[in-house]
Amino acid sequence: MTINMTRRAFTMAGLSALATPALIRPAFASGGKVVAATFPGSWEDAYRSIVGPMVKDAGFDLTVAPSLAQDQIARLMASPGQPPYDALLVSPGQSDILIQEGLIEKIDPTRLKNWDKLSPAAQNEWGPYVTIEVNGIAYNPEVVDKPAGYKALFEDPQYEGNLALIGFGSNTATMAYTEINKAYGGTYDNMQPVFDLLEAYLPKIGAIATSGSNQMTMYQQGEIAVFMASTGNVAKLRELGMPCEFAHPETGSPSVPVAIHLVKGASNPEGVYAYMDAAIDAAAQTQLAEPPTAMIPTNVDVPYSEVVSQFVTPEQVANAVYPDWQAINKHRAEWTETFDRLVVR
Amino acid sequence: MIRKETLLSWPMIAFMVLFFISPLLLLAGISLRGEDGSWGLGNFAAFLSDPFARGVLTGTLALGAKVTFFVSLAALPLVMLYWHAGKLLRGLILICTLLPMLTANVVRTFAWVVLLGRNGPISQTLLGLGLTERPFSLLFSETGLIIALVQIELPLLLLPVFAVLNRADRKTLEAAEVLGAGRWRAWFSAIFPQIIPAVLAGWVLVFASATTSYVTQSVIGGARLIYLPQFVYREVGVLFQWPMAAAISILLLASTGVIMLGLTMLARHERLQGHA
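Overview of the structure. Just so we're clear, the structure is a prediction, and the values are computed from it rather than from any experiment. (Residues numbered from 1 in each chain as written. Chains lettered and ligands numbered in written order. Predicted model: local features only at pLDDT ≥ 70, side-chain atom pairs only at ≥ 80, totals over all residues.)

**A short note on the interface of chain A and chain B**
Interfaces are often sized by the accessible area lost when the parts come together. For the record, the criterion: Once C-beta atoms have been placed from the backbone, residue pairs whose C-beta atoms lie within 7 Å are recorded as contacts. Helix and strand definitions here come from DSSP, where helices need a minimum of 4 consecutive H or I residues and strands a minimum of 2 consecutive E residues; each element is numbered from the N-terminal end. In this classification, Asp, Glu, Lys and Arg are treated as charged, Ala, Val, Leu, Ile, Met, Phe, Trp, Tyr, Cys and Pro as nonpolar, and every other residue, Gly included, as polar.
The interface of chain A with chain B comprises 24 residues on the first partner and 21 residues on the second. Elements represented by at least two residues in the side of chain A that touches chain B include exactly helix H3 (69-78), strand E7 (207-208), helix H8 (212-220) and helix H14 (325-343) of chain A. Of the residues in the side of chain A that touches chain B, the class split is 10 nonpolar, nine polar and five charged.

If you want it as structure tokens, here you go:
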């Protein structure tokens, strides 16, 4: 069969074909789109599948943009005046920088119907805390014994060649290093004890990975058996069928709340409030407390799930170590440089 | 006056200016901004006067050179095989060369995590053969990184060479043999000069790709092997030092650019062109 077509008709047909996707659009909610940055991986999946539909019910479309906390700040700084996100998901270490740089704004709690359901500690004027991340030591019980604490990792020979570390770009690692430093007599203004310890331990190290997810990949491959982790990391590895346990350090578990922030100049503040409300809603937090996210709820109506209870009790969370992020941020760049220079071959 | 026959190229030129030249100029501009808001070459001076940073720069260029060398070694037997192969085998070699390129670099890199690990086939095979006493890992080592990069970058050298070999005239080989050259000498004097420009083009691609391969460098190399792409990421994503990151990016671009320019000029050299 031969199709006869003039050049003009061919051009029109081509342009029409190109324009078709613009005409066929999915039905958007009337309130418009909200772009929310979340951590990649299980956070991203859970927020998309659990929080997304609730935001939709409130009349907004939630676009989940996976990005690490530090990357969220970098991207905001890269486009001042035209923020790529409406809402951020970060820990106090990053919140402090965001406040200093004027990149986020205080919220109006009266616009959140679930505000009063939050525990008082989670009612943050810069945005509600959606969970508390409890950090400690993840270990493979088939390879090593339960570590008594941070010191044991560096002093007990069974951990030699099995321990992985990462740099100060990671919140989990930074908190661990400050706690280890304290255990060896250091302070925020004097991190030399931990750097001396790391320098001496380097020949016995299992691996120095580039990120937390890189560490988890190494753990799955049997390259390492111990690393600094959050309870969420351990829950995720268990979900993947890996033998993995969580140990609380002897100095207490360094913990960080995770907050949702409203970006200054956000294109859809109404949508951000709807998103915040959904994330702190009892229905959402009940589901988020289950694996693979196993998040510690901040809504007082939500009990700790069975999995969360295996890792921590409400008492442990209350007595956890909450690092001084202002002090950390003051030195973080310098520590990052020192660490990199120390570990590079 | 704009010549009529160049009109069709103007949209592409406009596109390049808008989306390549302009961002590049912007990057160069940012690299000149100091921490205190002043303008100058301070970021470049700070980077180049730091022995650690200089080590990262030379280490990155050395990685590119090592990968290019080993890719060339790995490519040589395949090129010889391709030249002597019939139509069917040539098609098979071409498919095997192209097949890895159909998967993303990230996927290929994570496949190498499995292969290079202490429970991977390399370690277990050598253990099974009794060549090593205990399982070993090639992850987080330069050896492992080079092995992975050689496999990942190999098609970039092979494809231009195969393209030239497809067009190469077998009669020149026969002529060399008739004139008394042995098989190896005939190949190296009649065919090899024809593929030199393609080899140089392949080297440019392999070198540029190996030095800028952030994912493979960070996943296979780990944090103990820092190359310039990770250094740039650290400046942006951890330290938020955009001007310094821009300066390092310009230095990476300039240093790889100089080497690429040198190879390109070599490929266009009169004597080499004469053989093609």
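**A short note on the pairing of strand E2 (residues 61-66) of chain A**
Cut-off, in case you're wondering: The pairing criterion for strands is at least two bridges between them, as found by DSSP.
Sheet topology note: the strand E1 (residues 33-38) of chain A/E2(A) ladder contains six bridges and is parallel. What sits directly across from A:Thr38, in E2(A), is A:Pro66.

**Overview of unusual backbone geometry**
Residue and element names in this part refer to chain A. Here the residue pair Pro291 and Pro292 is connected by a cis peptide bond, since its omega of 5° sits within 30 degrees of zero. Topologically, Pro292 is positioned in the loop between helix H11 (282-288) and helix H12 (306-311). A positive phi is found at Ala294, a non-glycine position, where the angle reads about 45°. Mapped onto the elements, Ala294 comes out in the loop between H11 and H12.

**Let's talk about the environment of B:Leu205**
All names here are of chain B. Quick note on the threshold: With C-beta atoms placed from the backbone, the exposure class of a residue follows from how many other C-beta atoms lie within 10 Å of its own: 20 or more, buried; 12 or fewer, exposed; in between, partly exposed.
Counting through the fold element by element, Leu205 comes out in helix H9 (residues 183-211). Classification of Leu205 by C-beta neighbours within 10 Å gives partly exposed; the count is 19. Sequence separation of Leu205 and Ser255 is 50 residues, and the distance between their C-alpha atoms is 14 Å.

**Some thoughts on the pairing of strand E5 (residues 129-139) of chain A**
Here is the key point about a regular strand: its side chains alternate between the two faces of the sheet. Residues and elements named next belong to chain A. In terms of burial, E5 is largely enclosed, as 11 of its 11 residues are buried. Examined bridge by bridge, E5 and strand E10 (residues 255-263) share five bridges and lie antiparallel to one another. Bridging from a neighbouring strand, Ile132 pairs with Pro257 of E10. Of the strand pairs in this sheet, E5 and strand E8 (residues 226-230) are connected by five bridges, and their pairing is antiparallel. Across the sheet, Asn135 pairs through a bridge with Ser230, a residue of E8. Pairing analysis gives three bridges linking E5 to strand E9 (residues 245-247), with the strands arranged antiparallel.

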